[in-house]
Protein chains: 2
Amino acid sequence: MCARVPNVADGMAPDRNRRRIPDATVSRLPVYLRILGEQAEAGVDNISSEGLAELAGVNAAKVRKDLSYLGSYGTRGVGYEVAYLVYQIRRELGLTHDWPVVIVGAGNLGQALAGYGGFGERGFPVAGIVDIDTTKVGTVLGGTRVRHIDELPQIVQTRRVNIGVIATPGAAAQDAADRLVKAGVTSILNFAPIVLSVPRAIEVRKVDLAVELQILSYHEQRRAGGAIHAVQSGTGRSATA
Amino acid sequence: MCARVPNVADGMAPDRNRRRIPDATVSRLPVYLRILGEQAEAGVDNISSEGLAELAGVNAAKVRKDLSYLGSYGTRGVGYEVAYLVYQIRRELGLTHDWPVVIVGAGNLGQALAGYGGFGERGFPVAGIVDIDTTKVGTVLGGTRVRHIDELPQIVQTRRVNIGVIATPGAAAQDAADRLVKAGVTSILNFAPIVLSVPRAIEVRKVDLAVELQILSYHEQRRAGGAIHAVQSGTGRSATA
DNA sequence: AGGCACTCGTGCACACATTCACAAAGCCAG
DNA sequence: CTGGCTTTGTGAATGTGTGCACGAGTGCCT
Ligand SMILES: NC(=O)c1ccc[n+]([C@@H]2O[C@H](COP(=O)([O-])OP(=O)(O)OC[C@H]3O[C@@H](n4cnc5c(N)ncnc54)[C@H](O)[C@@H]3O)[C@@H](O)[C@H]2O)c1
Ligand SMILES: NC(=O)c1ccc[n+]([C@@H]2O[C@H](COP(=O)([O-])OP(=O)(O)OC[C@H]3O[C@@H](n4cnc5c(N)ncnc54)[C@H](O)[C@@H]3O)[C@@H](O)[C@H]2O)c1
């Protein structure tokens, strides 16, 4: 495999895409959406980029640029109409209809997820939860009965599921991913601490608690001065300097 | 050991920047670290940037550049010594000692987190879990007794906690953050779906399930062609024009 | 010893993201 | 209708991240 010469023609799809929205923007739109929803509920009809930026904790210019990818939906001198903006963002994110999800793994985390109402409320109803452990099959979590993982293909097909959530131990996560892909799922949210290997066409996002904590640790360590190199010989670098 | 109190006078020297490691790199180091740990366990002594890149699902040049921020710890023609690299990454991430964490909110998620062994195993023992609901106080989760939130300052101080985890409903998250900051916590991992407002010096990372799902939704929608619904009528906006 | 195969470390060019700054556009008062 | 005020939308500047390409070490084989 080391002979594999970098193939230029590989990968990049031609620009058949309509307006492509930058990843960074896509990841902020849900935040704007939630804030706008809250504002709408509070009776706010109109909001400026600066107001929204404040609430979202970002720069106003960034808000304007982000929203400009959706089109020119603001009114100069006034701001954005909240309800209309909500509609546009929802449309762009594909939230005009529900996306049922299937959860693989009914352990600690799977149970918390299944019991969490916020899922369905936001347009992602739990179409099913499966586990390989037969002693867990049949129990009911958050109104959904746990089914055996062999029933996964059936759940995915009959409920038209596109999104799978992996909540198995790391050692089983690749197996879970393989099964999900085989069943027809095209997007995966992975909570297991491993790097999944899936076909290129499958969209994977990971939520890794250990990574997050270690990033915080990095900043704490560096805040503490980092240079506590006095007592222990442990810090003895400079060897190969 | 040598527990340096996290500096009361947060004035400190502004740019005490030794080598600053790019954020993107910091977020990948934990991934490398986990993989290297697995390799070490499997008896692998040495690994090349290409081998590590393959396992981490990234580009080999990126691995080399990332590792180069730690120093020149590789051997040309050979690769990196796994054990030494593990040591260096751990040191850089501040993982040479434990970072106790305190969890605020003992609901669905808080329980899953407290019951999750992977926390302590990776150097982040649960120093305490608190809740405002007195009916939850006293119950035991994952070996830790739930205590009342008023005890937060005491827990943070006696256990020297720097990292707080917020697992309360969104409406209570800002309150939780305020209490954590007041108690002396300087890093926060937030699971609630709101934008926290904290002093600049506090490091906050968020894990937002709804955002992740909506990003997946965006890609699904765009994969589907985006124009599935021609049926929908009015834009809902007061017809401008 | 010399040559050769291998792999690191990094300069460089390009891509992506953020922020600034300002003209264009809308609103309103008079 | 005009002028002043506000806020958008976006070009341009700056900052950050990625990936290629290749020189420079290193170890092994002859
Ligand atoms: N619990 C948490 O708070 C938490 C936090 C962060 C990350 N995680 C990660 O989430 C994952 C799940 O954690 P958990 O605490 O729920 O673990 P768990 O052991 O409680 O649950 C795992 C479940 O997956 C099932 N399972 C195992 N192999 C399977 C397979 N091949 N197919 C289907 N189901 C299978 C098991 O039967 C079990 O019910 C782990 O990877 C963990 O690292 C959990
Ligand atoms: N459960 C999940 O799987 C899940 C998934 C994604 C996100 N979340 C988010 O995590 C958070 C917690 O979810 P959950 O399902 O555990 O909710 P939950 O309602 O089960 O638990 C919340 C807990 O917080 C406690 N609490 C409320 N106000 C408090 C305060 N001011 N101080 C301290 N404790 C307080 C409550 O007593 C309760 O025990 C929510 O913000 C939710 O959106 C949960």
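Scroll up to find the structure this text is about.
Because the structure is a prediction, the values reported are computed rather than measured. (Residues numbered from 1 in each chain as written. Chains lettered and ligands numbered in written order. Predicted model: local features only at pLDDT ≥ 70, side-chain atom pairs only at ≥ 80, totals over all residues. Heavy atoms only, no water.)

Draft legend 1. Layout of the overall build of chain A. Across its full length, chain A holds nine helices and ten strands. Sequence separation of at least 24 residues holds for 53% of the intrachain contacts in chain A that already meet a minimum separation of 6. Total accessible area on chain A is roughly 12700 Å²; 51% of this is exposed by carbon and sulfur atoms. (Helix = DSSP H or I, 4+ residues; strand = E, 2+ residues; numbered from the N terminus. Contact = heavy atoms within 4.5 Å. Areas by Shrake-Rupley, 256 points an atom, 1.4 Å probe, with all protein chains shown as cover.)

Draft legend 2. Structural view of the sheet that holds strand β4 (residues 101-104) of chain A. Here seven strands make up an open sheet; going across it, the order is β6-β7-β5-β4-β8-β9-β10 (chain A) and the pairing mixed. Looking at strand neighbours, the two that pair on one side only are β6 (140-141) and β10 (203-206) of chain A, the edges of this open sheet. By the bridge criterion, four bridges tie strand β9 (residues 187-190) of chain A to β10(A) in an arrangement that is parallel. Within the sheet, the bridge partner assigned to A:N190 lies in β10(A) and is A:K206. Sheet contacts for helix α9 (residues 209-223) of chain B: β4, β8 (163-166), β9 and β10 of chain A; angle to β9(A), the most-contacted strand, approximately 165°. (Pairing = 2+ DSSP bridges. Axes fitted to C-alpha atoms, helices over the stretch in contact; angles between N-to-C directions.)

Draft legend 3. The site of ligand 1, seen in detail. Around ligand 1 sit 24 residues, and of these A:L109, A:D131, A:K136, A:T168 and B:Y116 come closest. With respect to ligand 1, its neighbouring residues span chains A and B. Residue A:N108 places a main-chain N or O atom 3.0 Å away from an oxygen atom belonging to ligand 1. A distance of 3.4 Å is found between a nitrogen atom of ligand 1 and a backbone nitrogen or oxygen belonging to A:I132. About the coverage of ligand 1: the protein hides 86% of its 820 Å² of free accessible area. (Near = heavy atom within 4 Å. Polar contact = N/O pair within 3.5 Å; in protein donor to acceptor, adjacent residues only side chain to side chain.)

Draft legend 4. Spotlight on the pattern of salt bridges. The final tally for this structure, using the stated rule, is 16 salt bridges over all chains. In this structure, B:R34 and A:D208 form a salt bridge, with 2.2 Å as the shortest nitrogen-oxygen distance. One end of the pair, B:R34, is in helix α1 (residues 23-41); the other, A:D208, is in the loop between β10 and α9 (209-223), on a second chain. Look at B:R34 and you get buried, because its relative accessible area is 11%. A single network of salt bridges, built from pairs that share partners, joins A:D150, A:D175 and A:R179. (Salt bridge = Lys/Arg side-chain N within 4 Å of Asp/Glu carboxyl O. Buried < 20%, exposed > 50% of the residue type's maximum accessible area, 1.4 Å probe, protein only.)

Draft legend 5. Representation of the relation of the copies chain B and chain A in the model. Once chain B is rotated about the relating axis by 180° and shifted along it by 0.0 Å, it coincides with chain A to within an RMSD of 0.1 Å. With respect to symmetry, the two chain copies, as superposed, fit the operation of a two-fold axis. Among all C-alpha atoms of chain B, that of B:A112 lies closest to the rotation axis, at 3.3 Å. Take the interface residues of chain B: 93% of them recur as interface residues in chain A, which is what a same-surface contact looks like. (Least-squares fit on C-alpha atoms with pLDDT ≥ 70 in both.)

Draft legend 6. Structural view of the site of ligand 2. With respect to spatial proximity, 24 residues lie near ligand 2, and among them A:Y116, B:L109, B:D131, B:K136 and B:T168 are the closest. One of the side-chain nitrogen or oxygen atoms of B:D131 is found 2.5 Å away from an oxygen atom of ligand 2. B:I132 has a polar backbone atom sitting 3.4 Å from a nitrogen atom of ligand 2. For ligand 2, whose free accessible area comes to 820 Å², the fraction covered by protein is 85%. At three residues, helix α8 (residues 170-183) of chain B tops the list of elements feeding residues into the shell around ligand 2. Looking at side-chain class alone, the shell around ligand 2 contains 15 nonpolar, five polar and four charged residues. (Nonpolar A, V, L, I, M, F, W, Y, C, P; charged D, E, K, R; others polar.)

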